[in-house]
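Take a look at the letters that make up each chain.
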Amino acid sequence: MPLTDLIPAPRSVAPGRGPDFVLGPESRLDAGPGTEDTACWLRSTLSPATGLPLLPPGAEQSGEAGTVRLRICETTGARLGPEGYVLDVTDDGVRITGGGPAGVFWGAQTLRQLLGPAAYRRANSAAGSAGWRVPAARIEDAPRFSWRGYMLDVARHFTPKDGVLRTVDLLAAHKLNVLHLHLTDDQGWRIEIRHRPRLTETGGTRARSLIGHRGRQGAPPLWDERAHGGRYTQDDLREIVAYAAARHVTVVPEIDVPGHSRAAIAAHPELGNTDVVDTASMEVWTEWGVSRDVLAPSETVLRFYEAVLEEVLEIFPSRFVHLGGDECPKDQWRASAAAQARIRELGLTGEDALQSWFIGHFDRWLAARGRRLIGWDEILEGGLAEGAAVSSWRGYAGGIAAARAGHDVVMCPEQQVYLDHRQDAGPEEPVPVGYVRTLRDVYRFEPVPQELAGTDRERHVLGAQANMWTECTENQQRVDYQTFPRLVAFAEVVWSALPAPHRRDFGDFEQRMTRAHYARLDAMGVDYRPPHGPHPWQRRPGVRGRPAGGAPPRV
Ligand code: ACM
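Computed from a predicted model, the values in this text were never measured in an experiment.

1. What about the packing of aromatic side chains?
At step 1: Tallied over the full model, the rule gives 18 aromatic pairs.
At step 2: The interplanar angle of 65° and the centroid separation of 4.8 Å between the aromatic rings of Trp-41 and Phe-105 together place this pair among those described as edge-to-face. Highlighted residues: Trp-41 in helix α1 (residues 36–50) and Phe-105 in helix α3 (residues 101–114), separated in sequence by 64 residues.
At step 3: With a relative accessible area of 0%, Phe-105 lands in the buried category.
At step 4: Taken together, the ring pairs connect Trp-41, Phe-105, Trp-106 and Trp-495 into an aromatic cluster.

2. Structural notes on the packing of α1 against α3
Relative orientation and spacing of two packed helices are given, respectively, by the angle between their axes and the distance between those axes.
At step 1: Where α1 meets α3, the axes come as close as 10 Å, and the angle between the chain directions of the two elements is 20°. As summarised for this structure, α1 and α3 are arranged roughly parallel, according to the angle between their axes. Two packed elements cross with a definite hand, and for α1 against α3 that hand is right-handed. From α1, Thr-38, Trp-41, Leu-42, Thr-45 and Leu-46 reach across to α3, where they touch Pro-101, Val-104, Phe-105, Ala-108, Gln-109, Leu-111 and Arg-112.
At step 2: Residue composition of the contact of α1 with α3, grouped by class: eight nonpolar, three polar and one charged.

3. A word on the side chain of Ser-391
At step 1: Tracing the sequence through the fold places Ser-391 in strand β18 (residues 389–392).
At step 2: With sequence-adjacent residues up to four places away left out, Ser-391 is seen in contact with His-322, Ile-374, Gly-375, Trp-376, Asp-377, Val-410 and Cys-412.

4. Observations regarding the sheet that holds strand β4 (residues 67–72)
At step 1: Pairing is mixed in the open sheet, where six strands are placed in the order β1-β8-β5-β6-β4-β3. The open sheet has two free edges, formed respectively by β1 (12–15) and β3 (28–31), since each of these has just one partner strand. Strand-to-strand twist in this sheet, taken as the mean axis angle between neighbours without regard to direction, amounts to 10°.
At step 2: Across five bridges, the pairing between strand β5 (residues 85–90) and strand β8 (residues 137–141) is antiparallel. Looking at β8, one finds that Leu-87 is bridged to Ile-139.
At step 3: The strands touched by α3 within the sheet are β4, β5, β6 (93–98) and β8, with β5 carrying the most contacts at an inclination of about 40°.

5. A look at the state of the cysteines
Disulfide: a covalent bond connecting the sulfur atoms of a pair of cysteines.
At step 1: Tallied over the full model, the rule gives zero disulfides.
At step 2: Cys-412 forms no disulfide, and the closest cysteine sulfur to it belongs to Cys-328, at a distance of 19 Å.
At step 3: The exposure class assigned to Cys-412 is buried, which follows from its relative accessible area of 0%.

6. Section: the pairing of strand β9 (residues 147–153)
At step 1: Among the seven residues in β9, seven count as buried, and that is most of the element.
At step 2: The two faces of β9 match: Trp-147, Gly-149, Met-151 and Asp-153 on one face and Arg-148, Tyr-150 and Leu-152 on the other face are all buried.
At step 3: Two elements, β9 and strand β20 (residues 461–468), share six bridges in a ladder whose sense is parallel. Bridge assignment links Tyr-150 to a residue of β20, and that residue is Ala-466.
At step 4: Sheet topology places β9 next to strand β10 (residues 178–182); five bridges connect them, and they run parallel. When the bridges of β10 are listed, Tyr-150 appears paired with Leu-179.
At step 5: Each parallel crossover has a hand, and for β9 linked through helix α4 (residues 161–173) to β10 it is right-handed.

Cut-offs used in this document
- Residues numbered from 1 in each chain as written.
- Predicted model: local features only at pLDDT ≥ 70, side-chain atom pairs only at ≥ 80, totals over all residues.
- Heavy atoms only, no water.
- Phe/Tyr/Trp six-rings, centres within 6.5 Å; stacked < 30°, edge-to-face > 60°.
- Helix = DSSP H or I, 4+ residues; strand = E, 2+ residues; numbered from the N terminus.
- Buried < 20%, exposed > 50% of the residue type's maximum accessible area, 1.4 Å probe, protein only.
- Axes fitted to C-alpha atoms, helices over the stretch in contact; angles between N-to-C directions.
- Parallel < 35°, antiparallel > 145°, perpendicular 65-115°, else oblique.
- Left-handed = near helix turned anticlockwise from the far one by under 90°.
- Contact = heavy atoms within 4.5 Å.
- Nonpolar A, V, L, I, M, F, W, Y, C, P; charged D, E, K, R; others polar.
- Pairing = 2+ DSSP bridges.
- Disulfide = S-S within 2.5 Å.
- Right-handed = clockwise from strand over helix to strand, strands pointing away.

So, in structure tokens, the structure goes:
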């Protein structure tokens, strides 16, 4: 693949003078100290795709062999950071020098991309038979942000474990490094908690699901009358974490409190506001939107969730643990004598302060265990817990306020990077959710708002995250459609040093996509939205679609 087609675009590319490097049957793979994971990944990926063995160093060699060398170098680390790398390609070999193990891995991903779309297949196909060539070059590269995230909501519609592992591979292929798993919500609890099995036994299944986003406008609600469920065992999650770690992706778990907790209350009625609602007859929620059934601000609830989090921390080594904190209606707390007594006892000013106290409790609890709390920007209301970080989803304002107050921020404004939102205004979009956010819009997303740019608070923007909520995406094909190709544009936004949004060359991005990256997504088996509009099977039922503007290129 031409050097100029890489996505995300590297920081600098200098074409070499010599001939291409050709990966052949006698090519070797030489892993320096600390690069063993990447060597293992490279061999397990490229050998099936190319049919080439990638021999260990020292094996018999003859003819025009070349070596792929993986090294970690402190000087590179000092210059480009731990995720930075230098990729040198000459006719007799490839040298990937990383600032740290992650840099080596991202360099190896660049090498794979340069080998062309067929390098993404799982078996050697005819498409690669022209030879596995890499143009001579020196590439120097490093990410703009340290948090390059994707959130997958596995609570509303469950993604089986294999699908999560596939998601990790797709993130890593785009140099994204955080997978935020939204594990619990009103409609389902997905993580096995050993000492509280009812959370998944009862909370992991809902009887049916509402058809449509928030019901059908003006029409009586319709349900699909099919149970939906699924759960990950702790061993599944440990496998996901280890698989992701080997690809330099951190899995950040989310346990949403004190709102979005109806599945937990259905499993354990004592968690709800029992003096105002009959929680004993509560079922896992079958509607979408924001449930009014929230956790009680009681000692019982605090102890329950501490015990849950003890198990969560054992599984997930990530520094950040997401505790949600979004969309917690206060009606039940207002009506509950117990909640009101709690407010008085704690000397709080009201229900917002009660939520802040609740989150603050877990912020301190996590900090005492060497972790940091991150939550949706509602955790700013009533005072932000010290040390907490914010996922700014209702726009930039929460992130700006949090950064100004000295808190770290991940920008994920729904107006820009909510991938459940439709990507075209046309009637064919499968479910017309939310804002229209096209591929171009996502390419023009800027994580650092003007209010922070160039100030000493800019450093608090750790990065950005694209969020995939799954109320309306009931399977992998639907999630793929919403996610791709927009996540490819997002990956370039968070990795590359792009100019200001209005000066970004979207035409060039589109051309790179057309020349190489739709074919790469095809090779990876991704059911993306084609540039000319959805395929017939992707369209909204009953909508025939516009005349096709030509099929996307295929490998
Ligand atoms: C959210 O979209 N409720 C974080």
